[in-house]
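Chain residues, written in single-letter form:
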Amino acid sequence: MSRPSQLEAGTARHYVAAPVSRVQGRIEVPGDKSISHRALLLGAIADGATRIEGFLPSEDCLATLTALRALGVAVQRPSDTTVQVQGVGLAGLHASTAPLDLGNAGTAMRLMMGLLAGQPFDSTLVGDSSLMRRPMERVAQPLRAMGARIDTQQGHPPVLIHGAAALRAIDYALPLASAQVKSALLLAALYAHGTTSVLESVQTRDHTERMLQQFGVRLERRGARIELSGGQPLTAGGTVRVPGDFSSAAFFIVAGCLAASEGLTICNVGCNPTRTGLLQMLKLMGANIHVQPHAPAPGDSGASEPTADIHVRAGLLRGIRVPESLVALSIDEFPAFFIAAAAAEGQTVVTGAAELRVKESDRLAAMAQGLTTLGVQCELLPDGLCVQGLGSGAAAGRFDGGRIDSHADHRIAMAFAIASLRARGPLQIDDVANVATSFPGFVTLARSVGLALQEQG
Ligand code: S3P
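Along each chain, residue indices are assigned from 1 in the same order as the chain's sequence is written. Where local features are concerned, this predicted model is filtered to residues with pLDDT of at least 70; where side-chain atom pairs are given and counted, the filter is 80 or more; whole-chain, interface and lining totals use all residues. Neither water nor hydrogens contribute to the side-chain values; these are computed over all heavy atoms in the structure.

**So, the environment of Ser-261**
Secondary structure elements follow DSSP: runs of H or I of four or more residues count as helices, runs of E of two or more count as strands, with numbering from the N terminus. On the secondary structure map, Ser-261 appears in the loop between helix H7 (246-259) and strand E16 (264-270). Only protein chains enter the accessibility calculation, which uses a 1.4 Å probe; a residue whose area is less than 20% of its type maximum is buried, one above 50% is exposed, and one in between is partly exposed. Overall, Ser-261 belongs to the partly exposed group, its relative accessible area being 39%. Placed 34 residues apart in sequence, Ser-261 and Ala-295 show a C-alpha to C-alpha distance of 28 Å. Not counting chain neighbours up to four residues away, the residues in contact with Ser-261 comprise Arg-22, Val-23, Arg-313 and Ala-314. Residue contacts are counted whenever heavy atoms from the two residues lie within 4.5 Å of one another.

So, in structure tokens, the structure goes:
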């Protein structure tokens with residue numbers, strides 16, 4: 001086992017959320033985590049400088065930034081949310097003198113594996129105790145098929161990447177729905193001889209494909225197949241504008257569905273259709289949501305990310321059976337969604353979501369445990385959850401107060417903070433320091449719309 005991560009979050013902090021029953025206002029959420037990681041990584045290997053605006057200054061993205069500096073890339077931060085990356089070109093990275101510590105960031109580790117597999121030097125990747133438990137063979141195996149030499153510890157980090165491997169293109173059908181695996185392979189493909197082909201059985205977020213195109217890489221998309229020829233230089237991206245993170249907006253979308261009797265608007269949210277399955281699920285439940293898309297910038301090639309303002313108003317929610325086709329399109333939103341399900345009339349059933357068991361925590365088990373504490377009946381399934389809602393409208397029941405273990409998972413912590421909108425007593429949510437991995441300023445923003453949320457400890 002490696003040394004513990006220097007980025008290990010403290011565990012003592014907790015939230016206390018007093019019950020309130022109304023949210024309202026007009027807010028913006030911080031920049032998108034997935035897109036911020038990708039802008040840093042592609043900017044680093046581009047020829048020339050890239051400016052990133054709307055960058056998410058969260059612990060996860062700062063772990064990627066620090067790792068790139070250790071690999072010899074000059075990165076400046078003229079402001080918290082503006083980053084200037086001096087790209088070193090495809091062949092310009094240098095060995096880090098120390099293991100690269102990626103903290104809690106699964107995306108950083110998996111995408112770095114793809115980037116580093118074709119370098120002439122060795123790299124070691126480590127993370128915090130949560131990341132050290134997460135599966136890495138899903139990336140290592142196809143990279144080995146490309147010729148990479150990678151060791152994991154029984155499938156987990158530390159990941160040791162041996163340099164100087166000559167990568168060759170492969171034709172790979174992804175056995176699971178994972179944008180991280182797809183993206184790692186596309187990054188490795190830049191360093192491979194020949195044309196790599198990746199086939200997705202289920203569409204996942206396509207930020208890497210869009211941004212590679214923005215950096216001038218030719219990439220063919222034929223239905224579910226993506227083809228990319230190795231050796232293509234990345235032309236510096238000019239300015240990458242990062243939209244608000246849909247996954248952060250999700251907590252406020254659900255909050256609005258529960259308690260925005262006067263309406264709540266979340267502005268400038270990234271609404272890439274490969275991310276917005278939550279909107280479809282909530283609309284199937286009867287939610288009152290209106291999406292106002294922003295006009296694309298003049299000359300937009302279609303590669304950039306669509307944005308919108310999302311207006312939400314409280315209303316009756318009915319339980320649903322979630323179509324499995326929506327699971328990958330809302331994979332990070334299930335903690336928030338389960339709170340909506342618990343507040344709905346009738347039963348909600350989610351299946352086909354076993355991937356939730358290998359996120360920052362086992363999110364199915366963590367949500368079932370927390371909901372049970374709140375007095376909500378739920379059944380944990382091998383690949384999902386069945387939630388018996390307490391009802392909405394005049395017949396609405398209220399959650400019990402109580403103490404929730406977030407399992408150091410940022411999204412579990414934020415989901416239960418939103419549950420205070422339907423609770424009859426205060427909630428204490430333990431181990432919340434990791435909210436900073438994705439959503440700096442969550443407490444302040446939540447309070448600005450009316451939640452009675454305090455961070456303590
Ligand atoms: C991400 C992909 C998803 C998601 C994660 C971010 C990305 O993970 O859960 O938070 O940025 O590519 P998987 O690829 O494991 O589904």
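On we go.
**Concerning the pairing of strand E11 (residues 195-199)**
Pairing of strand E10 (residues 171-173) with E11 involves 3 bridges; the strand directions are parallel. Of the residues in E11, the one forming a bridge with Tyr-172 is Val-198. As a crossover connection, the stretch from E10 through helix H5 (residues 179-189) into E11 is right-handed. For two strands to pair, DSSP has to find at least two bridges joining them. Inspection of the sheet shows E11 paired to strand E13 (residues 225-229) by 5 bridges, in the antiparallel sense. What sits directly across from Thr-196, in E13, is Leu-228. By the criterion used throughout, a crossover qualifies as right-handed when its path from the first strand across the helix to the second strand runs clockwise, the strands pointing away from the viewer.

**Some thoughts on the site of the ligand**
Around the ligand, the surrounding shell consists of Ser-34, Arg-38, Thr-107, Arg-110, Ala-177, Ser-178, Ala-179, Gln-180, Arg-205, Ile-331, Asp-332 and Lys-359. Within the side chain of Arg-38, a nitrogen or oxygen atom sits 2.6 Å from an oxygen atom of the ligand. In the analysis that follows, any N or O atom pair within 3.5 Å is treated as a polar contact, provided that within protein one partner can donate a hydrogen and the other can accept it, and provided that, for residues neighboring in sequence, both atoms belong to side chains. Ser-178 has a polar side-chain atom sitting 2.6 Å from an oxygen atom of the ligand. Compared with its free state, where it exposes 390 Å², the ligand has 95% of that area covered by protein. Of all elements in the fold, only helix H1 (33-44), helix H3 (106-116) and H5 reach the threshold of two or more residues within the shell around the ligand. Of the residues assigned to the shell around the ligand, the class counts are 3 nonpolar, 4 polar and 5 charged. Whether a residue is near a molecule or strand depends on its heavy atoms: if one lies within 4 Å, it is near. Computed by Shrake-Rupley with a 1.4 Å probe, the accessible areas treat only the displayed protein chains as cover when residues are assessed. Residues are grouped as follows: nonpolar covers Ala, Val, Leu, Ile, Met, Phe, Trp, Tyr, Cys and Pro; charged covers Asp, Glu, Lys and Arg; every other residue, Gly included, is treated as polar.

**Here we look at the domain arrangement of the protein chain**
Domain boundaries in the protein chain define domain 1 (14-31 + 243-456) and domain 2 (33-240). What fixes the domain bounds is an automatic or database domain assignment. Relative to domain 2, the C-alpha centre of domain 1 lies at a distance of 29 Å. Across the boundary between the two partners, domain 1 contributes 28 residues, which contact 26 residues of domain 2. What gets called buried area is simply the loss in accessible area from a 1.4 Å probe that two parts show on being joined, summed for both. Roughly 2,200 Å² is buried in total at the junction of domain 1 and domain 2, and carbon and sulfur atoms are behind 48% of that figure. The rule for a salt bridge is simple: a side-chain nitrogen of Lys or Arg has to be within 4 Å of a carboxyl oxygen of Asp or Glu. Scanning the region where domain 1 abuts domain 2 turns up 3 salt bridges. With a shortest N-O distance of 2.9 Å, Arg-138 and Glu-355 are connected by a salt bridge. The interface formed by domain 1 and domain 2 holds 14 residue pairs in polar contact (both at pLDDT 80 or more) in total.

**Comments concerning the nonpolar core**
Counting 85 residues, the largest nonpolar core has Phe-252, Leu-282, Phe-337, Phe-338 and Phe-442 as the members making the most contacts within it. For this core, the element with the most residues is H7, which contributes 11 residues. Not counting the four nearest positions on each side in its chain, Phe-337 is found in contact with Val-254, Leu-278, Met-281, Leu-282, Met-285, Ile-320, Val-322, Thr-348 and Val-350. By convention a nonpolar core is built from buried Ala, Val, Leu, Ile, Met, Phe, Trp, Tyr and Cys residues, the set being connected through side-chain atoms within 4.5 Å. If you look at the next biggest cluster of nonpolar residues, it comprises 71 residues, including Leu-115, Met-136, Leu-174 and Met-211.

**Quick look at the packing of H1 against helix H2 (residues 59-70)**
Angles run from 0 to 180 degrees between N-to-C directions of axes, and those axes are lines fitted to C-alpha atoms, restricted for helices to the stretch in contact. Running from amino to carboxyl end, H1 crosses H2 at an angle of 10°, the nearest separation of the two axes being 9 Å. Classed by the angle they form, the pair H1 and H2 counts as roughly parallel. For the pair formed by H1 and H2, the contact residues are Lys-33, Ser-36, His-37, Leu-40, Leu-41 and Ala-44 on the first element and Asp-60, Cys-61, Thr-64, Leu-65 and Leu-68 on the second. When its residues are assigned to classes, the contact of H1 with H2 shows 6 nonpolar, 3 polar and 2 charged. Between 65 and 115 degrees an angle is taken as roughly perpendicular, under 35 as roughly parallel, over 145 as roughly antiparallel, and anywhere else as oblique.

**Remarks on the state of the cysteines**
Any covalent bond linking the sulfur atoms of two cysteines counts as a disulfide. Cysteine sulfur atoms that pair up within 2.5 Å are treated as a disulfide. A full pass over the atoms with the stated rule returns 0 disulfides. Note on Cys-378: no disulfide assigned, nearest cysteine sulfur contributed by Cys-386 at a separation of 8.5 Å. In this structure Cys-378 comes out as partly exposed when scored by relative accessible area, which is 23%. Judged by its relative accessible area of 11%, Cys-386 is buried.

**Comments concerning the packing of H7 against helix H8 (residues 277-284)**
The geometry of H7 relative to H8 is characterised by a closest axis approach of 10 Å and an angle of 15° between their N-to-C directions. The orientation of H7 relative to H8 falls into the category roughly parallel. H8 is crossed by H7, and the crossing has right-handed handedness. Contacts from Phe-246, Ala-250, Ile-253, Val-254 and Cys-257 of H7 reach H8 at Leu-278, Leu-279 and Leu-282. Grouping the constituent residues of the contact of H7 with H8 by class yields 8 nonpolar, no polar and no charged. Note on convention: the crossing is left-handed when the near helix lies turned anticlockwise from the far helix by less than a right angle, right-handed when the turn is clockwise.

**Focus on the sheet that holds strand E23 (residues 427-430)**
A sheet is described by the order of its strands in space; here 4 strands give the open sequence E22-E23-E1-E24, paired in mixed fashion. Across the chains shown, the open sheet's two edge strands, defined by having one partner strand only, are strand E22 (402-405) and strand E24 (452-456). Looking at each pair of strands side by side, their axes are set apart by 20° on average, direction ignored. Alignment of strand E1 (residues 14-18) against E24, held across 5 bridges, turns out to be antiparallel. The residue of E24 that forms the bridge with Ala-17 is Leu-453. Sheet strands in contact with helix H11 (residues 410-419) are E1, E22, E23 and E24, and its direction is about 175° off that of E23. With respect to the sheet, helix H12 (residues 442-449) is in contact with E1 and E24, its orientation differing from that of E24 by roughly 160°.

**A word on the sheet that holds strand E6 (residues 100-101)**
Taken in spatial order, the 4 strands of this open sheet run E6-E7-E9-E8, and their pairing is mixed. Bordering the open sheet on either side are E6 and strand E8 (149-153), each of which pairs with just one other strand. Note: E6 against strand E7 (residues 123-126), 2 bridges, orientation parallel. Bridge pairing in E7 places Asp-101 opposite Val-126. Across the sheet, H3 touches E6, E7, E8 and strand E9 (156-162), and the angle it forms with E7 is around 175°.

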